[in-house]
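Letter by letter, the chains look like this.
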Amino acid sequence: MPDLIKNCKNIITLHDILFKDYPEMFPLHYRIVKNILFKLSALRSDMLLTVSQYSRDRIAYHYGIPKDKIFVTPNAVSDDFFNIDAKIAHQFIQNKGIGKYLLYVSRIEPRKNQVTLLQAFHELELYKQGYDLVFIGRRTLPTPNFDHLLYSLNETELKHIHIFNQVDYEELKFWYKAAALFVYPALAEGFGIPPIEAGAVGIPCICSNKTAMSDFSFFGKNLVEVSNIEDLKRSIIFNLKFQPEVKSISEQIHKKYNWQTEVATNNLLYL
């Protein structure tokens, strides 16, 4: 929230203003309040930062701020994501009573499109093939379509679906490392940290080819139209069957999205 009285220079970071381009995915009250606060903060800032070229373009468009006044400082992945012990991670998950599983990590809200992943898991009957589906993330907005589908499933299938509100940092890394596949069906992102965390630990990752996620070209054919359930299902089947090479993806993420690179790239820009 912006200060009413400005008594020093301000550096403001806006991750995204997705509520402007995708209003149907956010409640009216949320859109009104966020738009007022975000726009006021952006216009009053002495230096305005954002996390992707996509967000830079949309902020400039909606708030009338010249692009050369908005600086892109991407997010990064901590180094410890690249050095997780696979044996310890798999043992941790086994102790939870879970074998093979598909993983989703992030908030649960309509924009994140968990309902399409749940529907794909259901239609492919992956639980009959020994797979579980794990969601890790707290609920931040109502998701009636997701809830309706979830509670319509039979008791046997529900035993293979796990929803965790939050897990601690060390546990989260184990969940990533031991997953058979990471699926991120979000329809829109200002950046999209979970996909590059998944890619960093070295597991196959499927995510959207739209908004800021289109920058993740290293995912190749795993950038899909996530709103199309048939495309998503085909990608899930392919990844589970063939387990594509991911080492080079992890290396590219480490090279491009690490804090040392961000500092080296941007430290002179803001002096």
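Going by the structure above, here's the rest.
K.L.:
I tried to follow unusual backbone geometry on my own but got confused; where do I start?
P.N.:
Negative phi characterises most residues that are not glycine, and trans characterises most peptide bonds. A positive phi angle, close to 155°, is found at Ser106, a residue other than glycine. Within the element layout of this structure, Ser106 appears in the loop between strand 4 (100–105) and helix 5 (114–123). Ser106 gets classed as buried once you look at its relative accessible area, which sits at 13%. Phi is positive for Thr211, which is not a glycine, with a value near 50°. For Thr211, the position within the fold is in the loop between strand 8 (205–208) and strand 9 (223–224).

K.L.:
What exactly am I supposed to notice about the sheet that holds strand 1 (residues 11–13) here?
P.N.:
Two strands in a sheet stick together by hydrogen bonds in their backbones, pointing the same way (parallel) or opposite ways (antiparallel). Overall, parallel pairing links the three strands, which are arranged 1-2-3 in an open sheet. In this open sheet, the two edge strands, each paired with only one partner strand, are strand 1 and strand 3 (70–72). Taking the axes of each pair of neighbouring strands and ignoring which way they run, one obtains an average angle of 30° across the sheet. Note: strand 1 against strand 2 (residues 47–50), three bridges, orientation parallel. Across the sheet, the residue bridging to Ile12 is Leu48, located in strand 2. Helix-sheet contacts for helix 3 (residues 53–63) involve strand 2 and strand 3, and the interaxial angle to strand 3 is about 165°.

K.L.:
Any chance you could explain the layout of surface pockets here in plain terms?
P.N.:
Approximately 730 Å³ is the volume found for the largest pocket. As for the largest pocket, its lining consists of 33 residues, of which Ser106, Arg107, Lys112, Tyr184 and Pro194 are closest to the centre. Counting residues per element, the ones that place at least two in the lining of the largest pocket are helix 1 (18–21), helix 2 (28–44), helix 8 (169–178) and helix 9 (193–201). Tallied by class, the residues present in the lining of the largest pocket amount to 16 nonpolar, nine polar and eight charged.

Reading the values: rules and limits
- Residues numbered from 1 in each chain as written.
- Predicted model: local features only at pLDDT ≥ 70, side-chain atom pairs only at ≥ 80, totals over all residues.
- Heavy atoms only, no water.
- Helix = DSSP H or I, 4+ residues; strand = E, 2+ residues; numbered from the N terminus.
- Buried < 20%, exposed > 50% of the residue type's maximum accessible area, 1.4 Å probe, protein only.
- Pairing = 2+ DSSP bridges.
- Axes fitted to C-alpha atoms, helices over the stretch in contact; angles between N-to-C directions.
- Contact = heavy atoms within 4.5 Å.
- 1 Å grid on protein atoms, 1.4 Å probe; cavity = no way out; pocket = protein on both sides within 12 Å on 5 of 7 lines; lining within 4 Å.
- Points joined across faces, edges and corners; volume = space filled by probe spheres on them.
- Nonpolar A, V, L, I, M, F, W, Y, C, P; charged D, E, K, R; others polar.

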